[in-house]
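Chains, contacts and geometry: an overview
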Amino acid sequence: MDLAIGSATTAIGADERWTGTRVFVVAFCFVLNMLDGADLLVMSFVAPILSTQWAIGPERLGVLFSASLAGMAIGCLVVAPFADRLGRRTMILGALALVAAAMLASGLARSVVELMLARLAVGVGVGTIGVCMTAMAAEFAPARHRSLAVGIVQAGWPFASIITAFAAVWFLAASGWATLFMAIGLLSAVLMLVALALLPESPAFLASGRARHGLARLNAVYGAMGLAVLDALPSRTPETSRTAVGALFAGGLARNSVLLWTAVTLGYFDLYFVISWIPKLANRAGLPVDQAIYAGAIYNLGAFVGTALVGALAVRFRLNSVIALFLIAAAAAMLVFGGVAMPVWLTLATALMVGVTVQGGFNGFWGLAVRLYPAAIRGTGVGWALGVGRIGAVAGPVVGGLLVGGGVSTTEIFAIYAVPLVAAALLTLSIRQGPAQDDAAH
């Protein structure tokens, strides 16, 4: 571990007070995740309209869903790890600029290929932001509340989905799907300006010696947080300061990395099937487009509650166990939702529980990745865990499209998707969770 980064993170984590700077950073990361949710999930809300206007079948629609997910894999695996070298704030600013431009391009697209390329670029930005904001929230939060802070931030995604669903209903009726994409692009540009003006850099990165004027900037952050300023940056240990992917398999991390990557892949496979196809399947079952979108919003309300609940439970219980419990419950909820005939109100209540358990359990992986990797390789560790997992995110909607297009019954589809959730739960329980080397106070 890089001792400079470890010292900086320990200094912050040892102080359990929630200062204004801490609250602002976590709150802004929550807003960033709301933006990520709007950027990515808007596609599922406009899918019923777009498939009619452009005569897109389920298979091609699945490819459109997966384009942004493939971009997220690139963002997590290729772009986000540069946060360990260039800084979390720097990468967030660049990613916000990319997302703003790509969302505007999505609204201007006139063919499936153009929209697919724009959605790919959106995914690159969203994946980069997701990793960087998770690291930022963890590194600014008091050590005891790091999992809670990460849980709060991840709850921004489903919360935004609820807002986006209602905005989608209004925009689709008033001005069409293209305007909705462009409005989100403009919002991305506004948040980029806010980050440029107000978002501080991670003290863990500033202490690494890689930042220009690192000591002065680190002391400014420390001063704002009520911590003692430093006369010099903490010493570094060059031979242990590497941030390459190989570090994720050194020092006893190999087993946990493989288990985490596999569990995340299986979780993503289910998560993005549910996110992408709930409105379309509801519409296929006979609900009008606006009510189908509301069904997606109800799922995301459950996702918001579940994500916040996992973060709160992680303060008191072993995070592995909390995640596994939610994933097992998610498999049961999927079987009920897809296989039991129920009145509309009970179907919607079950959709709510699917959101609570599926996304609540999955979002616990972000906090788990933060705990498993020390700050010197945290951007790389979180990025690769979530990036490799995007294999499942890409495959989930595509397989769903093939199953729907092939006439497979809803009961069979949801039974198929319950199996990976159980497997992910068992893998999660096998991870040997211990505090990251610089998080011993946690």
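The paragraphs below set out a description of the structure included in this document. (Residues numbered from 1 in each chain as written. Predicted model: local features only at pLDDT ≥ 70, side-chain atom pairs only at ≥ 80, totals over all residues. Heavy atoms only, no water.)

This part takes up the layout of surface pockets. Estimates place the volume of the second largest pocket at around 220 Å³. Lining the second largest pocket are 14 residues, and of these Ala-38, Ile-163, Thr-164, Ile-184 and Leu-187 sit closest to its centre. For the lining of the second largest pocket, the elements supplying multiple residues, two or more each, are helix 2 (20–53), helix 8 (156–174) and helix 9 (177–198). Of the residues contributing to the lining of the second largest pocket, the split by class is 13 nonpolar, 1 polar and no charged. (1 Å grid on protein atoms, 1.4 Å probe; cavity = no way out; pocket = protein on both sides within 12 Å on 5 of 7 lines; lining within 4 Å. Points joined across faces, edges and corners; volume = space filled by probe spheres on them. Helix = DSSP H or I, 4+ residues; strand = E, 2+ residues; numbered from the N terminus. Nonpolar A, V, L, I, M, F, W, Y, C, P; charged D, E, K, R; others polar.)

Below, the discussion takes up the packing of aromatic side chains. For any two aromatic rings, the description comes down to two numbers: the centre-to-centre distance and the angle of the planes. For the structure shown, the criterion picks out 12 aromatic pairs. Arranged with centres 5.9 Å apart and planes meeting at 25°, the rings of Phe-24 and Phe-28 form a pair that is stacked. One end of the pair is Phe-24 and the other is Phe-28, both in helix 2 and 4 residues apart, which spans about a single turn. Taking 3.9 Å as the distance between ring centres and 15° as the angle between the ring planes, the aromatic pair formed by Phe-273 and Tyr-417 counts as stacked. Placement of Phe-273 in helix 12 (residues 254–284) and of Tyr-417 in helix 17 (residues 410–430) is noted, with a sequence separation of 144 residues between them. For the residue pair Phe-273 and Tyr-417, the accessibility class agrees, reading buried in each case. One aromatic cluster is present, formed by Tyr-268, Tyr-272, Phe-362 and Phe-365 through successive ring pairs. (Phe/Tyr/Trp six-rings, centres within 6.5 Å; stacked < 30°, edge-to-face > 60°. Buried < 20%, exposed > 50% of the residue type's maximum accessible area, 1.4 Å probe, protein only.)

Following the sequence through the fold, Thr-21 ends up in helix 2. For Thr-21, a relative accessible area of 17% gives the class buried. Contact partners of Thr-21, with chain neighbours within four places excluded, come to Phe-140, Pro-200, Ala-224 and Met-225. (Contact = heavy atoms within 4.5 Å.)

Bringing empty space enclosed by the protein into the picture now. Counting across every chain of the model gives 5 cavities of 30 Å³ or more. Counted as a void, the largest cavity has a volume near 120 Å³. Contributing to the lining of the largest cavity are 17 residues, with Gln-154, Trp-157, Tyr-272, Asn-363 and Trp-366 lying nearest its centre. Breaking the lining of the largest cavity down by element, the ones donating at least two residues are helix 2, helix 6 (112–140), helix 12 and helix 15 (344–372). In the lining of the largest cavity, the residues fall into 9 nonpolar, 6 polar and 2 charged.

With that settled, the discussion passes to the nonpolar core. Where a protein is soluble and globular, its nonpolar side chains tend to be buried together. Formed by 127 residues in total, the largest nonpolar core has its most connected members in Leu-260, Tyr-268, Tyr-272, Met-334, Phe-365 and Leu-386. Apart from residues lying up to four places away in sequence, Leu-386 is in contact with Cys-76, Val-264, Tyr-268, Phe-362 and Trp-366. (Core = buried A, V, L, I, M, F, W, Y, C linked by side-chain atoms within 4.5 Å.)

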